[in-house]
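Examination of the molecular architecture
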Amino acid sequence: MVVVAVVVAVCVIFPVAAPFIVGGLLIAGAAVGIYSRFKMYEAYHDGNGPGFWEGLGLVGLGIADVTGIPSIVEGLVGARAFSNGHKLDPFDAGESVGSGLVNLIALIVGGARTLRGKPGGIDVKPLEGLPEGKPPEVLPDVKPPELKPPEGKLPEGNPAGSPPRAFGDLRVRLSAKAQEAVAQQRQLRSPENMQQMENIGRNPDGTYDVGKANQAWERKWMDDARFQRELAKGVADLTAKARGELERIKNTCDDNDGTNRPNATVGDGTTEAALVEEARTGRPVGGVGGHAEKAATAIRTLQEAVASLSHLKSAVASDPGVTADITAAIARASQRISALQGGLDVWNNRATLYPRIWYPNGQVRGPIGPVAPVPPHQPDHDHPDDGAPP
Amino acid sequence: MTDLWRDPDDITDDLASGDTERIRIGLAGLREFTKGGDEFELPVIDATLLLPFGASPPEAVVIDLARLMARYRSFVPQPSRADVIRQLVELAVRYAVPQVIYEASIEIQGEADPAAAARSAVDYLGGRGLASPREVEAGGKLVAHLLEAKPLVRRATAEGLAAWPLTDTRRAVVTAVLPLIDPDQRAQVTSEGSRRS
């Protein structure tokens, strides 16, 4: 992009230099194009290089890339040449058409300047201070091939030579391998994570460090086998994760709502009922204290599972069974959280609610604390059968 | 998304760094990254990750690691569920974080065969031993949670406890949880004759 901008600008300002610059850059552009085509081919074929005829085709394409026409065609078709079945996503396809058009227009403008340069053009004197006979220097800011794919386009609002600020502008300055990595991650990651990943290589001032970003994205590139493996995990993995959270909610609720101890007699057999009883009497329910800690940890476990399911719900929306299970589980967990919190509120206010049992600092006035280990023969208030199984 | 977000490659490096601050940041970043279900291939980690923190890592770090080990499905190589449960039990008793102890018991109850998983966990504790009062208390809490689970888990837990070597540790734990044990198993657990060599 920068190169194209500089070419146009120089051709406009110094028409005499146009033939040399345009000619030199056409050759350089063709070389870069060929190089990029071969690198892209390797990326699409697990690092394997092309055969003879394919190589010949890549050379032709690389040269033709100077015109931008292959990019336009590939964008319209929705796939790169020799891409081994990989499709371009709509963003990439549009970008390919756009960058191809920019290349084509730049070539036409530059070509026209070149043709008009001497015969019908204006007389041009040598530049002051420029030794006669010395050919114009090729632009010094031509990027190395690995950082400058041939599909570069003029970034909107990005002056030539300045670091890119928009991810789209950065992306066209990445190597083919890094660009492929971007496309892979776009398919694998949630929109939220992808949005964050687009900040990779961004400086504090909002511009991108192209080299740093390129290095980071190239590190993310996956060979086809690994990419396909990660892609295949997709929805099945998310569904399995959702089922894990459902199981967590079920077991946590069963553990606290009396399901596991159907014969319990304190209140309705729930953890919060035991907690209220401990606050009221100062005695551990069931012979073992710690219901306050259990209630607090269960609440946090349920909250974590609910948050996780809320995030996963949209990702598994294609499975109505799982979606219904998630809705029901979240409802059950929310009810449980509310009930447990009610018990904790009583416990936390025990000194105020039951001042005859508790000191103001929350210590029990009796000799046995509800959270302390208890002797083995403590009466089992929680179970009329003294803990016998149902 | 928050400023806890970390790039996957940075997270991988953080967790391999051996540096406590980077491990803390890496675990928090991984929690943030996986919120929506995203995962990436990550070298397998276990309770030893927290060794650089010494005896008492921040509770949030222990909780992050425990939840990661319990839920993450893209470790390379993928550990077996038995390994995962064992690591959770290890984390629970080593650092005695109540949240981790409770969630270890919930993970055990969520296994395909929860009774076998409970027995395996209690056996692991018996073989491992509990080295300090803090570990004894943590081990006792875990056993207590399992004794409040469904009958099959409860009974398997008591059977496992009965197989512990007859030490002061066993006596302390049994004393703390005895009311939760089904009456017909109490004699088995308190019996001096159940010493294991």
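How each quantity is defined
- Residues numbered from 1 in each chain as written.
- Chains lettered and ligands numbered in written order.
- Predicted model: local features only at pLDDT ≥ 70, side-chain atom pairs only at ≥ 80, totals over all residues.
- Heavy atoms only, no water.
- Helix = DSSP H or I, 4+ residues; strand = E, 2+ residues; numbered from the N terminus.
- Buried < 20%, exposed > 50% of the residue type's maximum accessible area, 1.4 Å probe, protein only.
- Contact = heavy atoms within 4.5 Å.
- Areas by Shrake-Rupley, 256 points an atom, 1.4 Å probe, with all protein chains shown as cover.
- Core = buried A, V, L, I, M, F, W, Y, C linked by side-chain atoms within 4.5 Å.
- Patch = residues over 30% accessible without salt bridge, like charges linked within 9 Å, V, L, I, M, F, W, Y side chains within 5 Å.
- Salt bridge = Lys/Arg side-chain N within 4 Å of Asp/Glu carboxyl O.
- Buried area = accessible area lost by both parts, 1.4 Å probe.
- Nonpolar A, V, L, I, M, F, W, Y, C, P; charged D, E, K, R; others polar.
- Phe/Tyr/Trp six-rings, centres within 6.5 Å; stacked < 30°, edge-to-face > 60°.
- Expected span 1.5 Å × (residues − 1).
- pLDDT = per-residue confidence, 0-100.

Moving on to the overall build of chain A. Each helix and strand in chain A was counted, giving 14 helices and zero strands. Secondary structure elements of chain A occur, N-terminal to C-terminal, as α-α-α-α-α-α-α-α-α-α-α-α-α-α. Each of the 390 residues in chain A was classed as buried or not, and the buried ones make up 46%. Restricting the contact set of chain A to residue pairs at least 6 apart, pairs at least 24 apart contribute 68%. Summing over all exposed atoms, chain A offers an accessible surface of approximately 19,000 Å²; the carbon and sulfur share of this is 61%.

Here the focus is the overall build of chain B. A tally of helices and strands in chain B yields 10 helices and two strands. Order of helices (α) and strands (β) in chain B, N terminus to C terminus: α-α-β-α-β-α-α-α-α-α-α-α. Considering only residue pairs separated by 6 or more positions, chain B has 65% of its internal contacts joining residues 24 or more positions apart. When the accessible surface of chain B is split by element, carbon and sulfur atoms take 55% of a total near 7,400 Å².

Another aspect to go through is the nonpolar core. Grouped together as the largest cluster of nonpolar side chains are 79 residues, with contacts concentrated most on W217 of chain A together with L27, L50, L65, L91 and L161 of chain B. If near-sequence neighbours (up to four positions away) are discounted, L161 of chain B is found in contact with V122, V143, R170, V173, V174, V177, I181 and V189 of chain B. Residues V322, L340 and W358 of chain A together with Y102 of chain B belong to the second largest nonpolar core, which totals 32 residues.

Let us now look at unusual backbone geometry. Residue and element names in this part refer to chain B. Note that the residue after V76, namely P77, is joined by a cis bond; omega there is -5 degrees. Summarising the element assignment, P77 is placed in the loop between strand 2 (75-76) and helix 4 (81-95). Located in the positive-phi region is A96, a residue other than glycine, with phi close to 55 degrees.

Residues and elements named next belong to chain A. On the surface, a nonpolar cluster with roughly 420 Å² of combined accessible area is contributed by F52, W53 and L56. Structurally, the position occupied by L56 is in helix 3 (residues 52-64). Taking the relative accessible area as the measure of exposure, L56 reaches 46% and is therefore partly exposed.

Taken together, the contact pairs 48 residues of chain B with 55 residues of chain A. Between chain B and chain A the total buried area reaches about 4,400 Å² when both faces are included, carbon and sulfur atoms providing 45% of it. The three residues of chain B that bury the most area against chain A are E41, R71 and Y102 of chain B, which together make up 14% of that side's buried surface. Between R219 of chain A and D13 of chain B there is a salt bridge, with the nearest N and O atoms lying 3.0 Å from each other. At the level of elements, helix 1 (8-16), helix 3 (59-71), helix 5 (98-109), helix 7 (133-147), helix 8 (151-162), helix 9 (168-177) and helix 10 (183-190) of chain B are the ones that each hand at least two residues to the side of chain B that touches chain A. Across the side of chain B that touches chain A, the residue classes break down as 19 nonpolar, nine polar and 20 charged.

For the rest of this paragraph, the subject is the pattern of salt bridges. The full count for this structure, using the stated rule, is 45 salt bridges over all chains. Between E74 of chain A and R37 of chain A there is a salt bridge, with its nearest N and O atoms 2.7 Å apart. With E74 of chain A in helix 4 (residues 69-77) and R37 of chain A in helix 2 (residues 18-44), the pair connects residues that are 37 residues apart, well separated along the chain. By relative accessible area, which is 5% here, E74 of chain A ends up buried. Classification of R37 of chain A by relative accessible area gives buried; the value is 3%. Its salt-bridge partner being R81 of chain B, residue E111 of chain B comes within 2.9 Å of it at the nearest N-O pair. With E111 of chain B in the loop between helix 5 and helix 6 (114-128) and R81 of chain B in helix 4, the pair connects residues that are 30 residues apart, well separated along the chain.

Among the secondary structure elements, E135 of chain B is positioned in helix 7. Setting aside anything within four residues of it in sequence, one finds E135 of chain B in contact with V93, R94, R128, G129 and L130 of chain B.

Tallied over the full model, the rule gives seven aromatic pairs over all chains. Ring centres of F167 of chain A and W217 of chain A lie 6.1 Å apart, and the angle between their planes is 55 degrees; on these two criteria the pair is classed as tilted. Taken together, the residues span a long stretch of sequence, with F167 of chain A in helix 6 (residues 167-171) and W217 of chain A in helix 9 (residues 210-220) at a distance of 50 residues. Both residues of the pair, F167 of chain A and W217 of chain A, belong to the buried class. Residues F33 of chain B and F40 of chain B carry aromatic rings whose centres are separated by 5.4 Å and whose planes lie at 80 degrees to one another, so their mutual orientation is edge-to-face.

All names here are of chain A. The end-to-end C-alpha distance of helix 7 (residues 176-188) is 19 Å, a good match for the 18 Å that 13 residues give at a rise of 1.5 Å each. Most of helix 7 sits out of view: 10 of its 13 residues are buried. Turning to helix 7, its buried residues number three or more, namely A176, A178, Q179, E180, A181, V182, A183, Q184, Q185 and L188.

Residues and elements named next belong to chain B. Within the secondary structure, R119 is located in helix 6. A C-alpha to C-alpha distance of 7.4 Å links R119 and E159, two positions 40 residues apart in sequence. Filtering out sequence-adjacent residues up to four positions away, R119 remains in contact with A156, E159, G160 and A163.

In this section: helix 3 of chain B. Spanning 13 residues, helix 3 of chain B covers 18 Å between terminal C-alpha atoms, matching the ideal 18 Å at 1.5 Å per step. Counting buried residues in helix 3 of chain B gives 11 out of 13 residues, a clear majority hidden from the surface. Taken together, the buried positions of helix 3 of chain B are occupied by V61, V62, I63, D64, L65, A66, R67, L68, M69, A70 and R71 of chain B. Residues of helix 3 of chain B that are buried make contact with helix 10 (224-256) and helix 12 (291-313) of chain A together with helix 2 (20-33), strand 2, helix 4 and helix 5 of chain B.

Another point: the confidence of the model for chain A. All names here are of chain A. Looking at chain A as a whole, its pLDDT mean stands at 77, while 71% of the residues score no less than 70. For chain A, helix 1 (residues 2-13) is the element with the lowest average pLDDT, namely 56, and helix 13 (residues 320-348) is the one with the highest, namely 96. Taken together, the stretch residues 116-158 has pLDDT below 50 and engages in 60 contacts with residues farther than four places along the chain or on a different chain. Confidence drops under pLDDT 50 across residues 369-390; counting only partners more than four residues distant or on other chains, this segment forms 70 contacts.

Let's shift gears to the confidence of the model for chain B. Across chain B, the average pLDDT comes to 93, with 96% of residues at 70 or higher. For residues 193-197 of chain B, every residue scores under 50 in pLDDT, and the model assigns this stretch 10 contacts once sequence neighbours within four places are set aside.

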